[in-house]
Amino acid sequence: MELQPGREALVRVAVATLWSSPEAVRPIDGPALTAGADIPAWVSGMDTDQQVGDCVLSQLLLGERVLVSELRPDGWARVVAIEQPAAKLDPRGYPGWLPADQLVGVEGAVTGDPLVVDATVTGLRSDPDGPVVLPGVVVGTRLVPAGPARGGWRPVHVPGRATPLWLSDSQLVPTPVGPPDPADVLAVAQRLLHVAYIWGGLSAHGIDCSGLVHLAWRRFGVLLPRDADDQAVATNPLPLGAERPGDLYFFARPGRKIHHIGIVTAVAGGRGSRRMLHACYRRRRVLEEPMAADRAATLVGVHRV
């Protein structure tokens, strides 16, 4: 299962961070760079300024596929995250750098119809009664079952591990086969209320505005683009006033590209005002709140997936 340029690989950690370059990482980023990728420790160690460092591009979930384009002797791999569309950057997916030891080659990997993790955050165990050996697995992660559930626990294949790990069967759901109800997508996003804002974040440990939208829809098998401006292109515009909960608000300053996105939670009417759920750069966390006047002044679109 050796990594090779030009071949696909799989993420073997709960959450891997995609970096702009190996040279861009900071001392504070150490926990995210290890072979175990301790993302909760990384997030908790950052101050509010460090939460928005532009060295972070995105994040990838356990089992996510990448295309390896370069391997460096110092242990870094340049990859394309092929499950995160980013047409303006690379038609194949989102490009960036990962520590190579957070990846494993696809040779010998088990394929099959995956189950989707529905728990906001969970951990995989060595056996049903055993300790957690892979903590921090987040909602939207897809895992191939290794057999039927037993006593309320399900064995699953995990990239880079020779034997299956176990997860409570109640925390797994089948991969949806049809378009989800926007209200169900909104309900998943609402479970991330108060999660820290992390520029480039794409997990329940820390997330940004477009990451919140991408992750909520990924839970239902819909792979939206990674960035807000690409998400606007990939969704269907509506007249202002036709929105309903679960639709998307897009924001841009005059003459600039879209820079922010929120999920509609309540529409204007009567005494009510427009409300949205969003990962807020200003307040560094996920909020559900009325659309403030200064935010409404930059509202440029309402879209539906």
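Details of the structure are given in the entry above.
Residues numbered from 1 in each chain as written. Predicted model: local features only at pLDDT ≥ 70, side-chain atom pairs only at ≥ 80, totals over all residues. Heavy atoms only, no water.

Colleague: Give a detailed account of the overall build of the protein chain, specifying residues and quantitative values.
Modeller: Each helix and strand counted, the protein chain has 6 helices and 22 strands in total. For 305 residues, the compact-globule estimate of 2.2 N^0.38 gives 19 Å, and the protein chain sits close to it at 19 Å. Each principal axis of the C-alpha distribution contributes one length, and for the protein chain these read about 60 × 45 × 35 Å. By the burial criterion, 51% of the 305 residues in the protein chain qualify as buried. Intrachain contacts of the protein chain at a sequence separation of at least 6 include 60% that bridge at least 24 residues. Total accessible area on the protein chain stands at roughly 13000 Å², and carbon and sulfur atoms take up 54% of it. Averaging the positions of the 30 positive and the 31 negative side-chain charges in the protein chain gives two centres separated by 5 Å. (Helix = DSSP H or I, 4+ residues; strand = E, 2+ residues; numbered from the N terminus. Rg over C-alpha atoms; globule rule 2.2 N^0.38 Å. Buried < 20%, exposed > 50% of the residue type's maximum accessible area, 1.4 Å probe, protein only. Contact = heavy atoms within 4.5 Å. Areas by Shrake-Rupley, 256 points an atom, 1.4 Å probe, with all protein chains shown as cover. Lys, Arg positive; Asp, Glu negative; His and termini not counted. Charge placed at Lys NZ, Arg CZ, Asp CG, Glu CD.)

Colleague: Before we move on, could you go through helix H4 (residues 209-218) and cite the residues and values that matter?
Modeller: Burial analysis of H4 places 10 of its 10 residues in the buried class, the great majority of the element. Taken together, the buried positions of H4 are occupied by Cys209, Ser210, Gly211, Leu212, Val213, His214, Leu215, Ala216, Trp217 and Arg218.

Colleague: Which residues make up the packing of aromatic side chains, and what values go with them?
Modeller: Counting across every chain of the model gives 4 aromatic pairs. Seen from their ring centres, Tyr197 and Tyr281 are 5.7 Å apart, and the 80° between their planes marks the pair as edge-to-face. Taken as a pair, Tyr197 in the loop between helix H3 (182-190) and strand S15 (202-203) and Tyr281 in the loop between strand S20 (275-280) and strand S21 (285-290) lie far apart in primary sequence, 84 residues in all. Residue Tyr197 is classed as buried on the basis of its relative accessible area, which comes to 3%. Look at Tyr281 and you get partly exposed, because its relative accessible area is 39%. With a centroid separation of 6.3 Å and 80° between ring planes, the pair formed by Trp199 and Tyr281 is classed as edge-to-face. (Phe/Tyr/Trp six-rings, centres within 6.5 Å; stacked < 30°, edge-to-face > 60°.)

Colleague: Any chance you could break down the side chain of Arg219 for me, citing the residues and the numbers?
Modeller: By the secondary structure assignment, Arg219 is in the loop between H4 and helix H5 (228-233). A distance of 2.6 Å separates the side chain of Arg219 from the side chain of Asp118, its partner in a polar contact. With residues up to four places along the chain from it excluded, the contact list for Arg219 reads Val116, Val117, Asp118, Val139, Gly140, Val173, Pro176 and Val188. (Polar contact = N/O pair within 3.5 Å; in protein donor to acceptor, adjacent residues only side chain to side chain.)

Colleague: Any chance you could break down H3 for me, citing the residues and the numbers?
Modeller: By the burial criterion, the buried members of H3 are Pro182, Val185, Leu186, Val188 and Ala189. Relative to the axis of H3, the buried residues are bounded by an arc of 160° and lie together on one face. Buried positions along H3 lie against H4, strand S19 (260-266) and S20. With a side-chain oxygen lying 2.8 Å from the backbone nitrogen of Ala183, the N-terminal cap of H3 falls on Asp181. (Arc of directions from axis to C-beta.)

Colleague: Would you mind going over the pattern of salt bridges in detail, with residue names and values included?
Modeller: Counted under the stated rule, the structure contains 23 salt bridges. Linking Asp118 and Arg191 is a salt bridge whose minimum nitrogen-to-oxygen distance equals 3.4 Å. One end of the pair, Asp118, is in the loop between strand S8 (115-117) and strand S9 (121-125); the other, Arg191, is in the loop between H3 and S15, with 73 residues separating them in the sequence. For Asp208, the salt bridge identified is with Arg226, shortest N-O distance 3.2 Å. Taken together, the residues Asp208 in the loop between strand S16 (206-207) and H4 and Arg226 in the loop between H4 and H5 connect sequence positions 18 residues apart. For Asp208, a relative accessible area of 7% puts it in the buried group. Through salt bridges that share partners, Lys88, Asp227, Asp229, Asp230 and Lys257 make up one connected network. (Salt bridge = Lys/Arg side-chain N within 4 Å of Asp/Glu carboxyl O.)

Colleague: Mind laying out the nonpolar core, listing which residues take part and the relevant values?
Modeller: Residues Trp42, Leu124, Ile207, Leu212 and Ile263 are the most contacted members of the largest nonpolar core, which totals 59 residues. The element contributing the most residues to this core is H4, with 6 residues. Apart from residues lying up to four places away in sequence, Leu124 is in contact with Leu62, Pro131, Val132, Val133, Leu134, Val137, Leu143, Val156, Val158, Leu165, Trp166 and Leu167. Grouped together as the second largest cluster of nonpolar side chains are 18 residues, Ala77, Ala81, Ala100 and Leu103 included. (Core = buried A, V, L, I, M, F, W, Y, C linked by side-chain atoms within 4.5 Å.)

Colleague: Run through the pairing of S21, naming residues and quoting values.
Modeller: Of the pairings in the sheet, the one linking S20 to S21 comprises 6 bridges and is antiparallel in character. When the bridges of S21 are listed, Leu277 appears paired with Glu288. (Pairing = 2+ DSSP bridges.)

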